[in-house]
Amino acid sequence: MKKSLGIYLHIPFCIKKCGYCDFCSFPQKGTEDIKAYANELCRRISATHASEHIVDTIYFGGGTPSLLPTGSVSKILDTITNTFCVDKNAEITLECNPATADHSYFKNIREMGVNRLSMGLQSAIDHELALLGRAHSFADFLTCFDSARAAGFDNVSVDLMYGIPDQTLKTLETSLNALCRISPEHISTYGLSIEENTPFYRQRASLDLADDDMQAQMYLLCSQRLSEQDYQKYEISNFAKNGLVSRHNTRYWKRLEYLGFGVSAHSFFNTERFSSSRDIEAFLEGKDITDERYTLTDDESRQEYIMLSLRLCQGLDINEYEKLFCRNALDDLPQMNEYVNQGFMQKNGSCFSFTDKGFLVSNALLSDMLDFS
Ligand code: SF4
């Protein structure tokens, strides 16, 4: 039986750089650059061998993948189909920013097999979008969302951010309500974090940023409001309706294999983790851009399993842990029973998972739990 495989394609171009962004992305100069990048992606994909695998998720991430001309999307998908065995029910997601795609674009990529969109909204308040340096208004987002629906996309995810400068619980609630009114199938929420080497980092003293308490209140507001609207939280910051979870992102949390193509793309394949550098010139010249390559030790694998499984609301299954690592989870992690008594965790059958109270301090709890040798 073939093993499941995901494919991630990094498209590092954006209309302009947002003030908080430290993803690998460059301001778009023209479609020729993007086409050349897509051609190099195809060359590298064709040179890959994974005959024991079946691809069941494909994810165009970025950057802004919706800046890819439709001809390049088609060429990349054809190359993947010609190189790998692809499941006929594969989830194929493309990240999209408002004001970069219209009805005809969506119709074209839907016909090519893209069956899920992930849209970057962040806020329904134009003042907050401007502060973030986003290249769109809320009205642009609504037009884009309606165009996607009209083109047949019935699985759409939207990103929402909290902790934005000047944001209050009231304006966050306005954004949540606006989002719930259009009812996307999936919502990802993110707390703004200030990363080095970004304009926000340099301006941080003058930005009106939410402190930890306010971020926690905002996180709880998102969880509460979305659960009232029938969204089920399945991961610390991800919510889905009708079971339409992100199958691709779930593979990261479940430690299933994936191959990443493009600058700064990460892979987990044949027990090795490896990643590519951000050097786009070297990438376009066809050079090997592998940055890091390593195989996890048993302890590292266990630690990774604990961290990733506890991001999921399903939690850590002590039976699975024992099967995978031939060790008793409660001997390794005696804190879990204490956390249940303190309300940070809950136990459901053989699974331990964080409660909302636990998610708020999960970094501290995990660092305590992972302090084993
Ligand atoms: S659109 Fe996304 S990837 Fe592009 S600059 Fe903004 S945050 Fe970064």
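Residues numbered from 1 in each chain as written. Predicted model: local features only at pLDDT ≥ 70, side-chain atom pairs only at ≥ 80, totals over all residues.

S.K.: I'd like a description of the overall build of the protein chain, backed by residues and values.
M.R.: A count of helical and extended segments in the protein chain gives 16 helices and 17 strands. What you see for the protein chain is a C-alpha radius of gyration of 21 Å, in line with the 21 Å of a compact globule of 373 residues. Dimensions of the protein chain, computed from the C-alpha atoms along their principal axes, are close to 60 × 50 × 40 Å. For the protein chain, the residues scored as buried account for 39% of the 373 residues in total. A separation threshold of at least 6 residues defines the contact pool for the protein chain, and within that pool the share at least 24 residues apart is 70%. (Helix = DSSP H or I, 4+ residues; strand = E, 2+ residues; numbered from the N terminus. Rg over C-alpha atoms; globule rule 2.2 N^0.38 Å. Buried ≥ 20, exposed ≤ 12 C-beta atoms within 10 Å, placed from the backbone. Contact = placed C-beta atoms within 7 Å.)

S.K.: Got a sec to walk through the site of the ligand? Specific residues and values, please.
M.R.: For the ligand, the full set of nearby residues is Cys14, Lys17, Cys18, Cys21, Phe23, Ser25, Gly62, Gly63, Thr64, Asn97 and Gly120. Its residues placed into classes, the shell around the ligand shows four nonpolar, six polar and one charged. (Near = placed C-beta within 6 Å. Nonpolar A, V, L, I, M, F, W, Y, C, P; charged D, E, K, R; others polar.)

S.K.: Explain the environment of Glu272 to me, and be specific about the residues and the numbers.
M.R.: Here Glu272 lies in strand E13 (residues 272-276). C-alpha separation for the pair Glu272 and Pro98, spaced 174 residues apart in sequence, amounts to 36 Å. Excluding its chain neighbours within four sequence positions, the residues that come into contact with Glu272 are Arg293, Tyr294 and Thr295.

S.K.: Please give an account of unusual backbone geometry that cites residues and values.
M.R.: The peptide bond linking Gly62 to Gly63 adopts the cis configuration, its omega dihedral lying at 15°. Relative to the helices and strands, Gly63 is located in the loop between strand E4 (53-62) and helix H2 (70-83). In this structure, Asn242 takes a positive phi of about 50° despite not being glycine. Relative to the elements of secondary structure, Asn242 occurs in the loop between strand E10 (238-240) and helix H9 (247-253). The exposed category is assigned to Asn242, around which 11 C-beta atoms lie within 10 Å.

S.K.: An account of the pairing of strand E5 (residues 85-96) is needed here, citing residue identities and associated values.
M.R.: Of the strand pairs in this sheet, E4 and E5 are connected by six bridges, and their pairing is parallel. The residue of E5 that forms the bridge with Val55 is Val86. For the handedness criterion, the β-α-β arrangement of E4, H2 and E5 is classed as right-handed. (Pairing = 2+ DSSP bridges. Right-handed = clockwise from strand over helix to strand, strands pointing away.)

S.K.: Please provide a residue-by-residue account of the domain arrangement of the protein chain, values included.
M.R.: Partitioning the protein chain into structural domains gives domain 1 (3-252) and domain 2 (298-373). Centre-to-centre, using C-alpha coordinates, domain 1 lies 29 Å away from domain 2. Each side of the interface is counted separately: domain 1 has eight residues, and domain 2 has seven residues. Secondary-structure elements contributing two or more residues to the side of domain 1 that touches domain 2 are helix H8 (212-228) and strand E9 (232-235). Ranked by residues supplied to the side of domain 1 that touches domain 2, first place goes to H8 with four residues. Here the side of domain 1 that touches domain 2 is built from residues that sort into five nonpolar, one polar and two charged. (Domains from an automatic or database assignment.)

S.K.: I'd love a proper account of the nonpolar core, names of residues and values included.
M.R.: Of all hydrophobic cores here, the largest spans 91 residues; its most connected members are Ile7, Leu9, Ile76 and Met119. Structurally, this core is a two-domain feature, drawing no fewer than three residues from each of domain 1 (3-252) and domain 2 (298-373). (Core = buried A, V, L, I, M, F, W, Y, C linked by C-beta atoms within 7 Å.)

S.K.: Run through the sheet that holds strand E17 (residues 351-354), naming residues and quoting values.
M.R.: Spatial ordering of the open sheet is given by E15-E17-E16, a layout of three strands whose pairing is antiparallel. Whereas interior strands pair on both sides, the edge strands pair on one side only; in this sheet they are strand E15 (316-317) and strand E16 (345-348). Alignment of E16 against E17, held across four bridges, turns out to be antiparallel. Across the sheet, residue Lys347 finds its bridge partner in E17, namely Phe352.

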